[in-house]
Amino acid sequence: MEIIYEDNHLIAVNKSAHEIVQGDKTGDRPLSESLKAFLKDKYAKPGNVFIGVIHRLDRPVTGTVVFAKTSKALQRMNEKFRLGEVRKIYWAIVKNPPPKREGELIHWLVRNEQQNKSYASDVEQPNAQQAILHYRTAAASEYYHLLEIELKTGRHHQIRCQLAKIGCPVRGDLKYGADHSNPQGGISLHARSLSFVHPVTRQPLCLTAPVPEERLWKALADTLPTENTPFSPDGILLPDKP
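Let me begin by describing the structure that accompanies this report. None of these values were measured; they are calculated from a predicted model. (Residues numbered from 1 in each chain as written. Predicted model: local features only at pLDDT ≥ 70, side-chain atom pairs only at ≥ 80, totals over all residues. Heavy atoms only, no water.)

## Some points on the overall build of the chain
Broken down by element type, the chain carries four helices and eleven strands. Projected onto its principal axes, the C-alpha coordinates of the chain cover approximately 55 × 45 × 35 Å. When each of the 242 residues of the chain is scored for burial, the buried share is 49%. Within the chain, contacts between residues at least 6 apart in sequence are counted, and of these 63% link residues at least 24 apart. Here the chain carries 33 positive and 27 negative side-chain charges, and the mean point of each set is 4 Å from the other. (Helix = DSSP H or I, 4+ residues; strand = E, 2+ residues; numbered from the N terminus. Buried < 20%, exposed > 50% of the residue type's maximum accessible area, 1.4 Å probe, protein only. Contact = heavy atoms within 4.5 Å. Lys, Arg positive; Asp, Glu negative; His and termini not counted. Charge placed at Lys NZ, Arg CZ, Asp CG, Glu CD.)

Quick look at the structure:
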């Protein structure tokens, strides 16, 4: 377990592609329970440990997940997510370049519960939810493109579904049209950072998760400008091969 932030109210981890955030029908141990055990051992707590699930990531997705250590923090963070006061940045590796280097995607998503899959439409459909994201091409190699995505809404499989809709399925995401799976499993979608005002201290926070230890991720991410430096409008071209 990789802890990327902890204080008295919140704890954030860098989730791997094989972990689930909260218990489900698989019966696999979720991150929420692993965190309880971790904190109980770390602080030698005699009683129960409180961990509140604030948000979730799909199982094959890696990156930043924040949990509440107190009921007060849980309630306030839930409200921040509900009001859209949390900035969510994702990185995705795709094989096909998007039609524009930067743009906004607006679709209407319908969720199929039996297939555990969402379908995107350009026009409003019955029982559909509007999905909005902004993307830009941050880096590229000979074969792959790294997209930085700011999620404006939080729909089921939103990024995976919307990128597939424009012909850019996430690398390794067979469910949404990728041509092959990833050697290490999971998909190449990473919850890079969450930015918000701390629910108790009122200080600004940006919780950032390092990318997975994989050559392609490193090759693309290591060439990006340092934090707070704007990306070149022309992007970055690398000579590496996948």
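Now that the structure is up, let's keep going.
## Considering the packing of aromatic side chains
A full pass over the atoms with the stated rule returns zero aromatic pairs. The side chain of Arg171 reaches across the aromatic face of Tyr144, ending 5.6 Å from its centre. (Phe/Tyr/Trp six-rings, centres within 6.5 Å; stacked < 30°, edge-to-face > 60°. Lys NZ or Arg CZ within 6 Å of the ring centre and 35° of its normal.)

## Thoughts on the pattern of salt bridges
In this structure the tally under the stated criterion is 15 salt bridges. With a shortest N-O distance of 2.8 Å, Lys42 and Glu6 are connected by a salt bridge. Here Lys42 is found in helix 1 (residues 31–42), whereas its partner Glu6 is found in strand 1 (residues 3–6), with 36 residues between them in sequence. By relative accessible area, Glu6 is classed as partly exposed at 22%. For Arg87, the salt bridge is made with Glu150, and the minimal N-O distance between the two is 3.1 Å. (Salt bridge = Lys/Arg side-chain N within 4 Å of Asp/Glu carboxyl O.)

## Section: the nonpolar core
Counting 29 residues, the largest nonpolar core has Phe67, Tyr90, Ile149, Ile159, Leu163 and Leu189 as the members making the most contacts within it. For this core, the elements supplying multiple residues, two or more each, are strand 2 (10–15), helix 1, strand 4 (62–68), strand 5 (87–94), strand 8 (129–140), strand 9 (145–151), helix 3 (158–165) and strand 10 (189–197). In this structure Ile149 touches Lys88, Ile89, Tyr90, Ala92, Leu133, His134, Tyr135, Ile159 and Leu163, once residues within four positions along its chain are discounted. Leu74, Phe81, Phe196 and Leu207 belong to the second-largest nonpolar core, a separate cluster that totals 14 residues. (Core = buried A, V, L, I, M, F, W, Y, C linked by side-chain atoms within 4.5 Å.)

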